[in-house]
Amino acid sequence: MPQMRALLIESPPDLPAGWLQELADEFIEDPQCRLALFGGDEAGAVLFSLWDPEIVDEVAGGLKATVPAGAVVRSISLADSGLGESPTGETVRQ
């Protein structure tokens, strides 16, 4: 199984999180999305999703037109073992 990649989408606290919850619903229905978790607190809302590495850049690119100003989308490589390695992250949009 190829190494998974994650998208982490953060919505600031001053932005209503409804758009992010709708996006989470879309991700859950997408058969290529392996996992989607949505949550938040007073610091804002987040959506964490897992994708195959072949598709994650396409998904992140498609979000550029829909993500509101102030939100952040990060593409993250996940470590295989979690021992002795730190994942690298790349900011797609801020």
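Residue positions are given per chain, counted from 1 along the sequence in the order it is written. Selection of residues for local features in this predicted model requires a pLDDT of at least 70, selection of side-chain atom pairs for listing and counting requires 80 or more, and totals for whole chains, interfaces and linings are taken over all residues. Heavy atoms throughout the structure, all of them, feed into the side-chain values; hydrogens and water do not.

Caption draft 1: Seen up close, the overall build of the chain. The helix and strand inventory of the chain stands at 2 helices and 5 strands. Contacts in the chain between residues far apart in sequence, at least 24 positions, make up 56% of those at least 6 positions apart. Residue burial considers only the protein chains on display, and all accessible areas are found by Shrake-Rupley using a 1.4 Å probe. Put simply, the chain shows about 5700 Å² of open surface, and 51% of that area lies on carbon and sulfur atoms. Under the DSSP-based scheme used, a helix requires at least four consecutive residues in state H or I and a strand at least two consecutive residues in state E, with every element numbered from the N terminus. Here, residues are in contact when the closest pair of their heavy atoms is within 4.5 Å.

Caption draft 2: Main features of the packing of aromatic side chains. Each Phe, Tyr or Trp ring, with Trp reduced to its six-membered ring, pairs with another whose centre is within 6.5 Å; inter-plane angles below 30 degrees give stacked pairs, above 60 give edge-to-face pairs, and intermediate values give tilted ones. This structure, assessed with the given rule, holds 1 aromatic pair. Between F27 and W51 the ring centres are 5.1 Å apart and the planes differ by 90°, which places this aromatic pair in the edge-to-face class. Of this pair, F27 sits in helix α1 (residues 18-29) while W51 sits in strand β3 (residues 44-51), placing them 24 residues apart in sequence. By relative accessible area, which is 5% here, F27 ends up buried. Partly exposed residues are those whose accessible area sits between 20% and 50% of the maximum for their type, while under 20% is buried and over 50% is exposed, using a 1.4 Å probe and protein chains only. Owing to a relative accessible area of 1%, W51 belongs among the buried residues under this scheme.

Caption draft 3: The environment of D41, seen in detail. Note that D41 resides in strand β2 (residues 33-41). Here the alpha-carbon distance between D41 and P13, two residues 28 residues apart in the chain, equals 8.2 Å. Under the rule applied, a polar contact is a pair of N or O atoms within 3.5 Å (in protein, one hydrogen donor and one hydrogen acceptor; residues adjacent in sequence only if both atoms are side-chain atoms). Within polar-contact distance, the side chain of D41 engages the backbone nitrogen of A43 at 2.8 Å.

Caption draft 4: The arrangement of the nonpolar core in detail. In this structure, L7, I9, L23, F27, L47, W51 and L63 are the most contacted members of the largest nonpolar core, which totals 19 residues. Elements with a contribution of two residues or more to this core: β1 (5-11), α1, β2, β3 and α2 (53-63). Per element, the largest residue contribution to this core is 5 residues, and it comes from α2. I9 has contacts with W19, L20, L23, F27, A45, V46, L47, L63, V72 and V73, leaving out every residue within four places of it along the chain. Nonpolar core, defined: a set of buried Ala, Val, Leu, Ile, Met, Phe, Trp, Tyr and Cys residues in which side-chain atoms within 4.5 Å join the residues together.

Caption draft 5: The pairing of β1, seen in detail. Most of β1 sits inside the fold, with 6 of its 7 residues counted as buried. Two strands pair if DSSP finds at least two bridges between them. Here β1 pairs with β3 via 7 bridges, running antiparallel. Note that in β3 the partner of S11 across the bridge is A45. Where β1 meets strand β4 (residues 72-77), 6 bridges bridge the pair, whose relative direction is antiparallel. Its bridge partner being in β4, L8 is matched across the sheet by R74.

Caption draft 6: Representation of α1 in the model. Taking 1.5 Å per residue, 12 residues should reach 16 Å; α1 reaches 17 Å between its end C-alpha atoms and fits that length. Within α1 the residues assigned to the buried category are L20, L23, A24 and F27. Buried residues of α1, seen end-on, are gathered within an arc of 105° and therefore sit on one face of the element. Those residues of α1 that are exposed and aimed more than 90 degrees away from the buried face are E22, E26, I28 and E29. Those residues of α1 that are buried lie in contact with β1, β2, β3 and α2. Here a helix's expected span is defined as the number of its residues, less one, multiplied by 1.5 Å. This arc is taken over the directions from the axis of the helix to the C-beta atoms.

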